[in-house]
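If you want the building blocks of each chain, they are given just below.
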Amino acid sequence: MTSLSCPCGSALYSECCEILHSGKKTAETAIQLMRSRYSAFAKYQIDYIVKTTAIGQQQALDVQAIADWSKANQWLKLEVVQSNEKIDKNHAQVEFKAHYHDGKQAQIHHEVSHFVKHDGAWYFLDPTTNQQITMKQACICGSAKKFKQCCAQYL
Ligand SMILES: [Zn+2]
Ligand SMILES: [Zn+2]
């Protein structure tokens with residue numbers, strides 16, 4: 001892989017995830033968002049990681065930890081295992097394997113991620129944020145629904 005190729009593996013970086021990282025376009029599918037978030041870790045685009053996380057979770061992110069994780073590893077390759085772009089009207093699921101090297105050995109991070117679409121844009125639902133969300137409050141994705149009836153089932 002040359003430095004011109006996109007970390008997500010599909011094309012030239014300038015014709016692939018860079019368009020999303022620069023804000024010129026937003027991801028059209030959950031897979032595209034997932035790929036661009038992987039590339040953002042590889043390219044140290046920490047702002048992109050933050051702004052593509054569910055709106056109501058962004059302030060709860062540990063941005064320093066994300067930045068450290070991005071820098072500490074060498075990002076080798078992304079493998080999308082399977083996806084379902086429509087588990088309901090505005091949620092999607094993507095299973096992937098992120099291959100990276102932690103400085104000592106090669107590692108594989110295997111995850112089934114969930115994404116929510118709000119106002120035409122896709123966001124990652126982060127299952128690791130440390131925040132109290134009650135079932136009755138407005139959903140973290142920005143929808144008018146209660147959390148319980150919206151994203152709670154995917155976190
Ligand atoms: Zn890409
Ligand atoms: Zn929601």
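Our structure is the block above this text.
These remarks concern the structure in this document. (Residues numbered from 1 in each chain as written. Chains lettered and ligands numbered in written order. Predicted model: local features only at pLDDT ≥ 70, side-chain atom pairs only at ≥ 80, totals over all residues. Heavy atoms only, no water.)

Looking now at the sheet that holds strand β2 (residues 91-101). Spatial ordering of the open sheet is given by β1-β2-β3-β4, a layout of four strands whose pairing is antiparallel. Bordering the open sheet on either side are β1 (74-88) and β4 (121-125), each of which pairs with just one other strand. On average, each strand axis in the sheet is inclined to that of its neighbour by 30°, with strand direction left out of account. Across the sheet, helix α2 (residues 30-42) lies against β1, β2, β3 (106-118) and β4, angled at about 160° from β1, the strand it touches most. (Pairing = 2+ DSSP bridges. Helix = DSSP H or I, 4+ residues; strand = E, 2+ residues; numbered from the N terminus. Axes fitted to C-alpha atoms, helices over the stretch in contact; angles between N-to-C directions. Contact = heavy atoms within 4.5 Å.)

Inspection of the secondary structure assignment puts Gln-59 in the loop between α3 (46-51) and α4 (63-72). Its relative accessible area of 62% is what places Gln-59 among the exposed residues. Here the alpha-carbon distance between Gln-59 and Leu-125, two residues 66 residues apart in the chain, equals 13 Å. (Buried < 20%, exposed > 50% of the residue type's maximum accessible area, 1.4 Å probe, protein only.)

Next up on the list: the pairing of β1. Direction of pairing for β1 relative to β2: antiparallel, over a ladder of 10 bridges. Note on β2: the bridge partner recorded for Lys-77 is His-99. Once β1 ends, the chain turns through two residues before running back antiparallel as β2.

Keep in mind these numbers describe shape, not what the thing actually does.
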